[in-house]
Amino acid sequence: MIRIGILGDIGSGKSYVAKNFGYPVFNADSEVSKIYKKNKKIFNKLKKKLPRYISKFPIDKNEVSVAILSNKNNLKKIINIVHLEVRNQMKLFLNKNKNKKFVVLDIPLLLENKLNKKGDILIFIDSKKSDILKKLKKRRNFNKKLFNKFQKIQFSSQYKIRKSDFIIKNDFTKKTINISIRDIQKKLN
């Protein structure tokens, strides 16, 4: 199985690109959403660590946001609890798809959390900062302060580009993305 890791800034179009490869995708953000909605054990751990912020199940993302913005140490506490479960889900996904030729890992902190392996194909989604901000501002729950906090824990774009095997220039049009994906697929096959 060849693992394709999708890298890029928040809002650069990683999930869109990942879906359009046509291979099984592990999407860490959607796993976190499922954990918040369905995992009582994680809720209890978060409630124990952050009793002033986490109060109801399913976990309310607004409560998580308030916790993160209130104290910089809270983000670390949340990451330590939630990311362990995301790793477990990733292992299950990889096991389930072990006979597939390719799988795609759509994990925002792939390199930062050392989830990549030697031999993974890394693809950086390169998008203009102005385009990213325009798209992010359209999101229902966009919070600039939260965005800045998450930016700080990510490696720089330059570092990710250096680590990448391929770069997709994302101008947020289907045609450009599909052409880039087809070119990469040809090279991988």
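Refer to the preceding data block for the structure.
Okay, so let's go over this structure.

Rules and cut-offs
- Residues numbered from 1 in each chain as written.
- Predicted model: local features only at pLDDT ≥ 70, side-chain atom pairs only at ≥ 80, totals over all residues.
- Heavy atoms only, no water.
- Salt bridge = Lys/Arg side-chain N within 4 Å of Asp/Glu carboxyl O.
- Helix = DSSP H or I, 4+ residues; strand = E, 2+ residues; numbered from the N terminus.
- Buried < 20%, exposed > 50% of the residue type's maximum accessible area, 1.4 Å probe, protein only.
- Axes fitted to C-alpha atoms, helices over the stretch in contact; angles between N-to-C directions.
- Parallel < 35°, antiparallel > 145°, perpendicular 65-115°, else oblique.
- Left-handed = near helix turned anticlockwise from the far one by under 90°.
- Contact = heavy atoms within 4.5 Å.
- Nonpolar A, V, L, I, M, F, W, Y, C, P; charged D, E, K, R; others polar.
- Patch = residues over 30% accessible without salt bridge, like charges linked within 9 Å, V, L, I, M, F, W, Y side chains within 5 Å.
- Areas by Shrake-Rupley, 256 points an atom, 1.4 Å probe, with all protein chains shown as cover.
- Lys, Arg positive; Asp, Glu negative; His and termini not counted.
- Charge placed at Lys NZ, Arg CZ, Asp CG, Glu CD.
- Pairing = 2+ DSSP bridges.
- Phe/Tyr/Trp six-rings, centres within 6.5 Å; stacked < 30°, edge-to-face > 60°.

## Points about the pattern of salt bridges
Applying the stated criterion across every chain, the model contains seven salt bridges. Put simply, Arg3 and Asp120 hold a salt bridge, and the shortest N to O gap is 2.9 Å. Here the residue Arg3 occupies a position in strand 1 (residues 2-8), and Asp120 occupies one in the loop between strand 3 (102-106) and strand 4 (121-127), the gap between them amounting to 117 residues. Of the two residues examined, Arg3 and Asp120, each falls in the buried class. One salt bridge connects Lys56 with Glu63, and the closest N-O pair in it is separated by 3.7 Å. Taking the relative accessible area as the measure of exposure, Glu63 reaches 11% and is therefore buried.

## So, the packing of helix 3 (residues 40-49) against helix 5 (residues 72-96)
Two numbers describe a pair of packed helices, the interaxial angle and the distance between the axes. Here helix 3 crosses helix 5 at 170°, and the two axes come no closer than 10 Å. Judged by the angle between their axes, helix 3 and helix 5 are roughly antiparallel. By crossing handedness, the relation of helix 3 to helix 5 is classed as right-handed. Between helix 3, through Ile42, Lys45, Leu46 and Lys49, and helix 5, the contact on the second element is made entirely by Lys77, Ile78, Ile81, Val82 and Glu85. By residue class, the composition of the contact of helix 3 with helix 5 is five nonpolar, no polar and four charged.

## Side note on a positive patch on the surface
On the surface, Lys128, Lys134, Lys135, Lys138 and Arg139 cluster together into a positively charged patch. Structurally, the position occupied by Lys135 is in helix 6 (residues 129-138).

## Quick notes on the pairing of strand 3
Along strand 3, five of the five residues are buried, which leaves the element largely enclosed by surrounding structure. Side-chain alternation along strand 3 places Phe102, Val104 and Asp106 on one buried face and Val103 and Leu105 on a second face that is also buried. Alignment of strand 1 against strand 3, held across four bridges, turns out to be parallel. Each residue of the ladder has a partner; that of Arg3, found in strand 3, is Val103. Pairing analysis gives three bridges linking strand 2 (residues 25-27) to strand 3, with the strands arranged parallel. Note on strand 3: the bridge partner recorded for Val25 is Val104.

## Section: the environment of Leu50
By the secondary structure assignment, Leu50 is in the loop between helix 3 and helix 4 (61-70). Residue Leu50 is classed as buried on the basis of its relative accessible area, which comes to 2%. Spatially, the C-alpha atom of Leu50 lies 9.3 Å from that of Val64, the residues being 14 residues apart in sequence. Apart from the residues within four sequence positions on either side, Leu50 is in contact with Ala67, Asn74, Lys77 and Ile78.

## Focus on the sheet that holds strand 4
Taken in spatial order, the five strands make up an open sheet running 2-3-1-4-5, and their pairing is parallel. The open sheet has two edge strands, strand 2 and strand 5 (166-170), and neither has a second partner. The sheet shows a mean angle of 20° between the axes of neighbouring strands, direction not considered. Sheet topology places strand 1 next to strand 4; five bridges connect them, and they run parallel. Along strand 4, the bridge assignment pairs Gly5 with Leu122.

## Things to note about the packing of aromatic side chains
Under the defined criterion, the tally for this structure stands at six aromatic pairs. Seen from their ring centres, Phe43 and Phe57 are 5.5 Å apart, and the 55° between their planes marks the pair as tilted. With Phe43 in helix 3 and Phe57 in the loop between helix 3 and helix 4, this residue pair connects regions lying 14 residues apart in the sequence. Judged by relative accessible area, which is 6%, Phe43 ranks as buried. Relative to Phe147, the ring of Phe142 lies with its centre 5.9 Å away and its plane at 55°, an arrangement referred to as tilted. Using a relative accessible area of 25% as the deciding quantity, one classes Phe142 as partly exposed. The structure contains a cluster of three or more aromatic residues connected by ring pairs, namely Phe21, Tyr23 and Phe102.

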